[in-house]
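# Structure assessment
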Amino acid sequence: MFVKFFLVIALLQAVCAQQRFEVLVEFGTNFSTLAIDTQNEINELYHFNADMVREFNRELLLELGRMVPEMREADSSFQQQIAAADGVDDECREYVEELRELFLLFQNWDIQDCAYYAHVELADDSVNRFLPYAITFLSENTRSISQVVESFSRNNAVAEFDALVEELDGEWEYYQTLAVSFGDFLFDEILAHADVADRVYLDLVECRETAVRLQESDQEYILSYLDSNCE
């Protein structure tokens, strides 16, 4: 009789232990599944963010592509004006060509400045807006995979199993909240690129127009030497 009683007690203890173990396995499975799903979503946002940044850089490159041929064509026309000028001796024409070369250097610097400032502003936004937060989310999300083991290390699973489960319940709620909130946050970060890109693009357009006006002013100044045969 006593043997049967102890066998029943032992069986009940074994069943309870198995049930407790299954609870922990279920937690581990849930954490891992959530982590994989969350990582896949973050990866999709990574690609979306990269596509946005690439498109913004393409637009800037197109604007620079309009700027350089325009100024090259203006310089080519200007050289023809110098060569076709009447009443100018060779010494003056040579001096004017030297002036053109000097001012052409300044014009190239204007082009480089336009490209530099556009690159710096867009690069700062590209690196510091989305990526730091995405990396933080990924790191925290990866930690969830080992959350059951981590909680084990902080709790007495033998004497205080309920406390371990309570902690895991709290962590599960935390990671679920993180999974819901990160997507909206990162998506808003991506959309915020557009405001910066628009400002940088408009600044580049203004910079291009200024560079073109300065080139025209330089050429008018140099042509004044031809009008007086450098006298």
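Whatever comes next refers back to the structure up there.
Computed from a predicted structure; not experimentally measured.

Overall, the coordinates contain 12 salt bridges when judged by the stated rule. A salt bridge links Arg 208 to Glu 63; the shortest N-O distance between them is 2.4 Å. One end of the pair, Arg 208, is in helix α5 (residues 161-227); the other, Glu 63, is in helix α1 (residues 2-84), and 145 residues separate them in sequence. Neither residue differs from the other here; Arg 208 and Glu 63 are each classed as buried. Taking the shortest distance from any N to any O, the salt bridge between Asp 125 and Arg 129 comes out at 2.5 Å. Owing to a relative accessible area of 6%, Asp 125 belongs among the buried residues under this scheme.

Here the structure, examined in full by the defined rule, presents 12 aromatic pairs. Look at Phe 48 and Phe 187: their rings are 5.9 Å apart centre to centre, the planes differ by 25°, and that puts the pair in the stacked class. Here Phe 48, found in helix α1, pairs with Phe 187, found in helix α5; they are 139 residues apart in sequence, far enough to count as distant. The exposure class assigned to Phe 48 is partly exposed, which follows from its relative accessible area of 31%. Given a relative accessible area of 37%, Phe 187 falls into the partly exposed group. Centroid distance Tyr 116 to Tyr 117: 5.3 Å. Interplanar angle 75°. Geometry classified as edge-to-face. Accessibility expressed as a relative area gives 48% for Tyr 116, which makes it partly exposed.

Let us now look at the nonpolar core. Counting residues in hydrophobic clusters, the biggest one holds 35 residues, and the most contacted among them are Met 67 and Leu 186. When residues of this core are traced back to their parent elements, those giving at least two are α1, α2 (90-128), α3 (131-143) and α5. When sequence neighbours within four positions are dropped, the list of residues in contact with Leu 186 reads Ile 42, Leu 45, Phe 130, Tyr 133, Ala 134 and Phe 137. One finds Val 88, Cys 92, Phe 103 and Ile 222 within the second-largest nonpolar core, a separate group that totals 10 residues.

Calculation rules
- Residues numbered from 1 in each chain as written.
- Predicted model: local features only at pLDDT ≥ 70, side-chain atom pairs only at ≥ 80, totals over all residues.
- Heavy atoms only, no water.
- Salt bridge = Lys/Arg side-chain N within 4 Å of Asp/Glu carboxyl O.
- Helix = DSSP H or I, 4+ residues; strand = E, 2+ residues; numbered from the N terminus.
- Buried < 20%, exposed > 50% of the residue type's maximum accessible area, 1.4 Å probe, protein only.
- Phe/Tyr/Trp six-rings, centres within 6.5 Å; stacked < 30°, edge-to-face > 60°.
- Core = buried A, V, L, I, M, F, W, Y, C linked by side-chain atoms within 4.5 Å.
- Contact = heavy atoms within 4.5 Å.

Scope: geometric values only; no functional claims are made or implied.
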